[in-house]
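# Remarks on the overall topology
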Number of protein chains: 2
Amino acid sequence: MQRVEFEEILKAKQKLKGFANVTPVFTNSTFNKLYGENNTNFHFKAESFQKVGAFKFRGAFNAVENLENSSKGVVTHSSGNHGQALSLAASMKNIPCYVVEIRLVPCNAPKVKKDAMKDYGAILIECEPNLRAREEGCAEIIKKTGAELIHPYNNFHVISGQGTIAVEFLEQVSNLDCIILPIGGGGMLSGCSIAAKAINPNIKIFAAEPANADDCYRSKKEGKLVKNENAPRSIADGLLTSMGDRTWPIIMRNVDDVFIVSETEIIDAMYFVFERLKIVIEPSAAVGVAVCMFNSEFKKKTSCLKNVGIVLSGGNIDLKKNLPWQIVH
Amino acid sequence: MQRVEFEEILKAKQKLKGFANVTPVFTNSTFNKLYGENNTNFHFKAESFQKVGAFKFRGAFNAVENLENSSKGVVTHSSGNHGQALSLAASMKNIPCYVVEIRLVPCNAPKVKKDAMKDYGAILIECEPNLRAREEGCAEIIKKTGAELIHPYNNFHVISGQGTIAVEFLEQVSNLDCIILPIGGGGMLSGCSIAAKAINPNIKIFAAEPANADDCYRSKKEGKLVKNENAPRSIADGLLTSMGDRTWPIIMRNVDDVFIVSETEIIDAMYFVFERLKIVIEPSAAVGVAVCMFNSEFKKKTSCLKNVGIVLSGGNIDLKKNLPWQIVH
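Below you will find a few notes about this structure. (Residues numbered from 1 in each chain as written. Chains lettered and ligands numbered in written order. Predicted model: local features only at pLDDT ≥ 70, side-chain atom pairs only at ≥ 80, totals over all residues. Heavy atoms only, no water.)

### Re the relation of the copies chain B and chain A
Copy one and copy two of the chain differ by a rotation about an axis and a translation along that axis. Once chain B is rotated about the relating axis by 180° and shifted along it by 0.0 Å, it coincides with chain A to within an RMSD of 0.0 Å. Such values leave the two copies arranged in the relation of a two-fold axis. The position closest to the rotation axis in chain B is occupied by the C-alpha of B:Ile279, lying 2.5 Å away. Mapped onto chain A, 100% of the interface residues of chain B are again interface residues, and the two copies thus contact each other with one and the same surface. (Least-squares fit on C-alpha atoms with pLDDT ≥ 70 in both. Contact = heavy atoms within 4.5 Å.)

Below, the structure written as structure tokens:
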């Protein structure tokens, strides 16, 4: 595949049928009352209820379905949701999965995610905590086993798989005026932007980003791909990566605006979703909610939009640690 | 109404249509694998996603719908989920709601519930923390205002409203072999037992109870209504009350078995639901899950049942306190 077309996303949707969950959409009258200044209705698509607890399963499963030589297996260097998703997808197809994971990662990969990968039968390989060690680790596995590298977002089949979220969302709520999605590497955002605009050319696609890892915000402003500075820090640990050369061109073309939020805003939004929507989400999944609650620029620009879609991207969080609002407040 | 017939529950379902949420049913392959010893499938009906975050809205709304003189309003002495539910139901019908609540309740009525009642426009009246003060408080309100007392469970319209859970559940999963429900005062259990057995006379109805507040367990054993000792203590604070004279006869007749679980088992079950099902539940809602996970008597007696329904009764919990597993583990 040289680029992602809407057709590829529809094909991905067919492949996912019966394997991925059709995730539910929730509304909340209190949220509408508090934050819907012009009778806006907010619709929350809860990918927390996706397999492995995050949207990443869609892309990983689609990538595994499209392997040229599947028997040799797959390899990735993400020990977060993508690693977990790829492990499950590979186990469902009965092929090996190797995950090169960084030793000593206090916040990047909660223990619950590593345990889950092992449960799915993935082979974990530890490496030193730097980019080079991780890339070398992957290269070595590929050389030894012939496994195919499945990048967490800079991969056309992954992007196509994530795009199925938007198709499903618009089937469930056909009159959405916009969809707001968290942006890390941009796989979900780029895939969903292609799908949503193919279905409804008038729909707005917005990105939500932590101010502490604002490569997308700055890239859109400067009109060229800008990366995050070394090791950005945010509680939204799924959004620390920078966009890739396959996601940025799509985002540049299709995304209408990028809005940023502070760490406290992310925590407050996450708390609202736990307390009132009763859904367990991870901090990265709260970023779009935070934009709707707190970003005044967003409110100004969207005041005429009646139906706002928000993607809650996942729910994998280590609950045995103190939850962030228990530390901050 | 002199007794609850299935027909009353169907009428309640009609009245609730468009006002109460049809709550979603979840399955979880990990739970099935870990606890479904004979390829059992577990189905979780999540009343966390009901209005006010708990099943109580069904009964309260049905009671308000059936008032003889609604303009004078309603009164209750529950400051928990029922108080919240009645406040919302009354506000939807534009009638006054009085809640007589005990001063100084460290665990019975989390602040979030009180805040919610005020948001719905209820009038809160404080009383001393004993049964007599509470009853006198209610009597005074009734005398002054003519409001009708809506008991949290010992009320036929409330029982009928709660029974709609079982009708809905069996519409969603028609082949359930049993339903397991938490038992406090017994409104939900009695209503659901009538509905479920009217739809399928072969279905088993099981009660799940904290060992620390086991009045139902002992009543079934002794064949007569036995109350909890003074002030039982359990983390499942919605289940501390004893059954009433309107719920017990139904439970005696219709409920096939009662299973009890320990405090640690309740906490572990609650943790599983948060971590793997990604649903915020309160401790009382975890009791049925705990029975399925840990009660060996339950496992023995149900080993031939293939489809087990579990009702997650609500999700109102003060998340700014430490969650119980953060204290215990």
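What follows picks up the thread again.
### Some words on unusual backbone geometry
Residues and elements named next belong to chain B. With phi around 55°, Asn39 is a residue other than glycine that occupies positive phi space. Counting through the fold element by element, Asn39 comes out in the loop between helix 2 (29-35) and strand 2 (41-46). Phi is positive for Val52, which is not a glycine, with a value near 60°. Following the sequence through the fold, Val52 ends up in the loop between strand 2 and helix 3 (56-65). (Helix = DSSP H or I, 4+ residues; strand = E, 2+ residues; numbered from the N terminus.)

### What about the side chain of B:Ser87?
Residues and elements named next belong to chain B. Position of Ser87 among the secondary structure elements: in helix 4 (residues 81-92). Look at Ser87 and you get buried, because its relative accessible area is 1%. Looking at Ser87, its side chain comes within polar contact range of the main-chain oxygen of Gly83, at 2.6 Å. Setting aside chain neighbours within four positions, we find Ser87 in contact with Cys97, Val99, Met117, Tyr120 and Ala122. (Buried < 20%, exposed > 50% of the residue type's maximum accessible area, 1.4 Å probe, protein only. Polar contact = N/O pair within 3.5 Å; in protein donor to acceptor, adjacent residues only side chain to side chain.)

### Notes on the sheet that holds strand 3 (residues 74-76) of chain B
Residue and element names in this part refer to chain B. Taken in spatial order, the 4 strands line up as 5-4-3-6 in an open sheet, and their pairing is parallel. Each edge of the open sheet is held by one strand with a lone partner, namely strand 5 (123-127) and strand 6 (148-149). Running over the sheet, helix 6 (residues 131-145) touches strand 3, strand 4 (97-102), strand 5 and strand 6 and is turned about 160° from strand 4. (Pairing = 2+ DSSP bridges. Axes fitted to C-alpha atoms, helices over the stretch in contact; angles between N-to-C directions.)

### Thoughts on the pattern of salt bridges
Residue and element names in this part refer to chain A. The full count for this structure, using the stated rule, is 28 salt bridges over all chains. One salt bridge connects Glu140 with Lys144, and the closest N-O pair in it is separated by 3.9 Å. Taken together, the residues Glu140 and Lys144, both in helix 6 (residues 131-145) and 4 residues apart, mark about one turn of the helix. Note that Lys197 is salt-bridged to Asp256, the shortest N-O span being 2.6 Å. You can see Lys197 sitting in helix 8 (residues 187-199) and its partner Asp256 sitting in the loop between helix 10 (248-254) and strand 9 (257-261), a full 59 residues away along the chain. Given a relative accessible area of 31%, Asp256 falls into the partly exposed group. Salt bridges sharing partners connect three or more residues here, namely Lys45, Glu47, Arg58 and Glu168. (Salt bridge = Lys/Arg side-chain N within 4 Å of Asp/Glu carboxyl O.)

### Details of the state of the cysteines
Residues and elements named next belong to chain B. What the rule picks out here adds up to 0 disulfides over all chains. In this structure Cys138 is a free cysteine whose sulfur lies 7.8 Å from that of Cys127, the closest cysteine sulfur available. As a non-bridged cysteine, Cys178 has Cys292 as the owner of its nearest cysteine sulfur, 7.1 Å distant. (Disulfide = S-S within 2.5 Å.)

### Topic: helix 4 (residues 81-92) of chain A
The end-to-end C-alpha distance of helix 4 of chain A, which contains 12 residues, comes to 16 Å, matching closely the 16 Å that a straight helix rising 1.5 Å per residue would cover. Those residues of helix 4 of chain A that sit buried are A:Asn81, A:His82, A:Gly83, A:Gln84, A:Ala85, A:Leu86, A:Ser87, A:Leu88, A:Ala89 and A:Ala90. (Expected span 1.5 Å × (residues − 1).)

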